[in-house]
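Take a look at the letters that make up each chain.
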Amino acid sequence: MSSSEASLAPGEYHHIEPEQAYHAAKFGMWIFLITEIHLFAVLFCVFAVYRFKYLAEFERHAQTLDWKLGGLNTIVLLTSSYFMVRAVDSAQRGLNGNCKTWLNFTFLCGLIFLAIKAFEYDTKFSHYLGPSTNIFYGLYFTMTGLHGVHVIAGMAVIWWLRSLAANNRFSTTYYTPVEVSGLYWHLVDIIWIYLFPLLYLIGGIK
Amino acid sequence: MSEAETANDKLNYLNCEKGFLSWLMSIDHKRIGLMYMASMFLFFVVGGIFALAVRTELFSHGETIVNAQAYNILFTLHGVIMIFLFIVPGIPATLGNFLLPLMIGAKDVVFPKLNRFSYWLYLLGAMVAFFALFMKLDTGWTFYAPYSLENSRAVITATSAAFILGFSSILTGLNFLVTIHKMRAPGMQWGRLPLFVWTLYATAILQVAATPIIGITLLLLILENALNIGVFDPSKGGDPLLFEHLFWFYSHPVVYIIILPAMGIVSEIVPVFSRKPIFGYKALVYASVGIAGISLLVWGHHLFVAGMSNFARYLFSFLTFLVAIPTAVKVFNWVATMYKGSISWDSPMLYAMSFVFLFLIAGTTGIHLATLATNAHYHDTYFVVAHFHYTLQGGAVVGLLAGMHFWFPKMFGRMFNESFAKFSWLVLFIGFNGTFLPQFVLGMQGMPRRYFDYPPEFEGLHRISTIFSFVNGLGYAMVLGNLLYAAFKGKFATSNPYLSKSLEWQTDSPPIKDNFAEIPRVTDWTYSYGATQ
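The structure presented is a predicted model; accordingly, all values stated were derived computationally and were not measured. For every chain, the first residue of the written sequence is number 1, and numbering continues from 1 along that sequence. As they are written, the chains are lettered A onward and the ligands numbered 1 onward, keeping that order. Totals for whole chains, interfaces and linings use every residue, but because this is a predicted model, local features are given only for residues with pLDDT of at least 70 and side-chain atom pairs only at 80 or more, for both listing and counting. The basis for every side-chain value is the complete set of heavy atoms in the structure, and neither hydrogens nor water enter the calculation.

Enquirer: Can you walk me through the interface of chain B and chain A in this structure?
Expert: Size of an interface, as often reported, equals the accessible area lost when the parts are brought together. Every residue pair with non-hydrogen atoms within 4.5 Å of one another is taken to be in contact. Facing the 37 residues of chain B at the interface are 32 residues of chain A. Computed with a 1.4 Å rolling probe, the buried area is the accessible surface lost when two parts are put together, summed over both parts. For chain B, the biggest contributors to the area lost against chain A are Lys113, Lys182 and Ile216 of chain B; these three give 18% of the whole. Just to be clear on terms, a salt bridge is a Lys or Arg side-chain nitrogen sitting within 4 Å of an Asp or Glu carboxyl oxygen. The interface formed by chain B and chain A holds zero salt bridges in total. What qualifies as a polar contact is a pair of N or O atoms within 3.5 Å, subject to a donor-acceptor requirement within protein and to the restriction that residues adjacent in sequence count only when both atoms come from side chains. At the boundary of chain B and chain A, one finds six residue pairs in polar contact (both at pLDDT 80 or more). What counts as a helix is a DSSP run of H or I of at least four residues, what counts as a strand is a run of E of at least two, and both are numbered from the N terminus. Of all elements in the fold, only α6 (112-133), α7 (152-182), α8 (195-227) and α9 (240-251) of chain B reach the threshold of two or more residues within the side of chain B that touches chain A. If you tally residues by element for the side of chain B that touches chain A, the top one is α8 of chain B, at ten residues. The residue classification treats Ala, Val, Leu, Ile, Met, Phe, Trp, Tyr, Cys and Pro as nonpolar and Asp, Glu, Lys and Arg as charged. All others, Gly included, are polar. Its residues assigned to classes, the side of chain B that touches chain A shows 24 nonpolar, six polar and seven charged.

Enquirer: Before we go on, may I ask you to explain the packing of aromatic side chains in this structure?
Expert: One pair of aromatic rings is described through two measures. These are the centre distance and the angle between the planes. The aromatic pairing rule takes the rings of Phe, Tyr and Trp, using the six-membered ring of Trp, and pairs them if the centres are within 6.5 Å, calling planes under 30 degrees apart stacked, those over 60 edge-to-face and the rest tilted. Overall, the coordinates contain 68 aromatic pairs over all chains when judged by the stated rule. Look at Trp190 of chain B and Trp198 of chain B: their rings are 5.6 Å apart centre to centre, the planes differ by 45°, and that puts the pair in the tilted class. Exposure categories follow from relative accessible area, calculated using a 1.4 Å probe and restricted to protein chains: below 20% of the type maximum is buried, above 50% is exposed, and the middle band is partly exposed. Residue Trp198 of chain B is classed as buried on the basis of its relative accessible area, which comes to 11%. Measuring from ring centre to ring centre gives 5.4 Å for Tyr281 of chain B and Trp525 of chain B, while their planes differ by 85°; the resulting arrangement is edge-to-face. Placement of the pair is Tyr281 of chain B in helix α11 (residues 281-295) and Trp525 of chain B in the segment after β2 (491-492), with a sequence separation of 244 residues. Under the relative-accessibility criterion, Trp525 of chain B is labelled partly exposed at 24%. Its guanidinium or amino end placed over the ring of Trp159 of chain A, Arg162 of chain A lies 4.5 Å from that ring's centre, counting from NZ or CZ. The rule for a charge over a ring is simple: NZ of Lys or CZ of Arg within 6 Å of the ring centre, and within 35 degrees of the ring normal.

Enquirer: What am I meant to see in helix α5 (residues 90-104) of chain B here?
Expert: All names here are of chain B. For α5, with 15 residues, the first-to-last C-alpha span of 21 Å sits near the 21 Å given by 1.5 Å per residue. Along α5, the sharpest kink reaches roughly 60°, centred on Gly96. Backbone geometry just downstream of α5 places Gly105 in the positive-phi region, at approximately 75°. Take the number of residues in a helix, subtract one, and multiply by 1.5 Å to get its expected span. Fitting one axis to the seven residues ending at a residue and another to the seven starting there, the bend at that residue is the angle between the two axes.

Enquirer: How should the environment of Val298 of chain B be read in this particular structure?
Expert: Residues and elements named next belong to chain B. Secondary-structure assignment places Val298 in the loop between α11 and α12 (310-322). Val298 gets classed as buried once you look at its relative accessible area, which sits at 0%. Residues Val298 and Pro101, spaced 197 residues apart in sequence, show a C-alpha to C-alpha distance of 32 Å. With near-sequence residues (within four places) excluded, Val298 lies in contact with His252, Phe316, Leu319, Thr320 and Val323.

Enquirer: Hey, could you run me through the packing of α8 of chain B against helix α10 (residues 253-274) of chain B in this one?
Expert: Relative orientation and spacing of two packed helices are given, respectively, by the angle between their axes and the distance between those axes. Residue and element names in this part refer to chain B. Closest axis-to-axis distance for the α8/α10 pair is 7 Å, and the angle between their directions is 170°. Relative to α10, the element α8 lies roughly antiparallel. Judged by residue contacts, Leu195, Phe196, Thr199, Leu200, Ala202, Thr203, Leu206, Gln207 and Ala210 of α8 engage Pro253, Tyr256, Ile257, Leu260, Pro261, Gly264, Ile265, Ser267 and Glu268 from α10. Tallied by class, the residues present in the contact of α8 with α10 amount to twelve nonpolar, five polar and one charged. Simply put, an axis is a line fit to the C-alpha atoms, just over the touching stretch for a helix, and the angle between two N-to-C directions goes from 0 to 180 degrees. Any angle that is under 35 degrees is reported as roughly parallel, and any over 145 degrees as roughly antiparallel; angles of 65 to 115 degrees are reported as roughly perpendicular and all others as oblique.

Enquirer: Looking at this structure, how should I read the pattern of salt bridges?
Expert: Should their charged atoms come close, side chains of opposite charge can pair. Residue and element names in this part refer to chain B. The final tally for this structure, using the stated rule, is nine salt bridges over all chains. Put simply, Asp380 and Arg449 hold a salt bridge, and the shortest N to O gap is 3.3 Å. A residue pair is termed long-range when its members are at least 10 positions apart, and Asp380 in the loop between α15 (372-378) and α16 (382-412) and Arg449 in the loop between α17 (418-445) and α18 (459-489) qualify at 69 residues. Residue class for Asp380 comes out partly exposed when judged on its relative accessible area of 33%. Between Arg450 and Asp380 there is a salt bridge; the shortest N-O distance is 3.9 Å. Here Arg450 is found in the loop between α17 and α18, whereas its partner Asp380 is found in the loop between α15 and α16, with 70 residues between them in sequence. Through salt bridges that share partners, Asp380, Arg449 and Arg450 make up one connected network.

Keep in mind these numbers describe shape, not what the thing actually does.
Okay, here's the thing in structure tokens:
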């Protein structure tokens, strides 16, 4: 990083107006979200193919998943999205302290989500059910696992935002990182909202 | 000449900072473009050597220089290197990176650090790929299951490399899309964008839309190898055909990621060397976007004989035929641009014209392969090998060389030896056609692709192909040698030797660090050449 850039807020460069940088960053994030959706879309397709092919088995295996824990996780993630919205709103008002608090709550929700997930995985492993048991579990672990990786990535980003807020980097004119990271966090949330009924509910509750 | 020499002493992006690190850490799109170019051609030479080894093995029937397994490894290495490390990043990463901001009047791409990160990812992916090459990878570059489930270590490493490279490609595409949307100079309306930029735009859409598909497919293959999740393993109820569907859902569009920018380069060169405005600008734009769109719908033609309903076969055959329409629009428009033009046959124009010629062969043989009845005969024969080499090498590589000759003085401020360039073009052209025309005949006669050995009656054509493949290799050595020499020792060039009107030529050659001293105002489209100028 050259010395001339160090004086600028992150995301701003010598060759671009702040207003332009804001719109570019948002547009770039939307495009990135499209690639993420395409990534998960393939998994949904693959799931559909095998559910169609092995309907009875898929319904039987779905019943072994704990929909209550899945539901709890849904609530946790939705709540985290609410906290994220508050963080973005605080950043837009230049309230760095509030922003940091809301980000802490968001991070905590991510942590709770992962803890519940770990508990679920552990229960499955203790019953000798793993990714190689059959295609249903293979896909269950792949889809929730990949989603979990995204949650972890999102939490890493939130941790970075926290440090920016702690250094009072956000103002009414500069809040791009919080806003685009918020978009990303909502996407991670939305993907879970699709995963939950697909894996736990459809055919899962009798 | 003295004016040109002083121009070259001026501060530019090449001499403004010195040292290895100043390049590796650079966020200047021009330097990143050149670094891509250097690394890619290094890998191209390695992949080319593997190709010559494959051809040498096929020189006579029976074992010639290597055994069957070594042969499988050789053609896999050739494919993996050429596809993932050379031709897919190809034109967008090299000339695209260098020229896109210059052509739209911007100081850089919109996310310069992301651009540098893309290049680092590319280097990392290349390193992982080379690591895999030492692990006896013999699946072919397509990694078809269930065979790719047997040599787990090598497949996991190679597909991880492809995954990383895919990420690099996505980020480049994203960067280009946002740059084109948000960074155009005042007056650079969508209707005035240079056609090369339009093709980069269409390419970027494909990179962003299709690359995640291969990413997740390769990830599933990695998980299949590492954790036995069962989705592609028939012994666990999985479906290997599903892998082929998902694989080609990306890997067919990737052909257009590869070829569209080459078409863009030709669209830039033809008007300059015909001194005429490009014919049918809008049609060329729609054709680019149309090709990108249709390309997402045709993957099934790779599975005609793999097991598919008849309806799906008809549909995919029909959709594949449709690609011919926008492609033909392009060819006709280039020809119409040249009509009554004042044509000069400099080396970029020679390459551009040989692109049209070779790509025409590629396209028309593509129709043979899209036709269900003939596909049943040609499938997995040398006809296919010849067809896609005409597309990828005759199309994309020749297009890239056209662009490199055309923009060479822009990039380095120096000029290559023009008559040697023409001579090496001729060697290349003869070598290429001599290598691959016989392979069409071999394919028609039933010679299967990927085979280590063949009956003696195929020997004659294989020998011709092998001999010319060395001529082809010599051609590349001459071209690259000429350009490499000229980059350091060539005569200083004037700032716009081909008298092009587009924006990238309206600044110094080589350009200054931030491209333009002042952001230009665009008042007209690029292609307003008078026919008699």
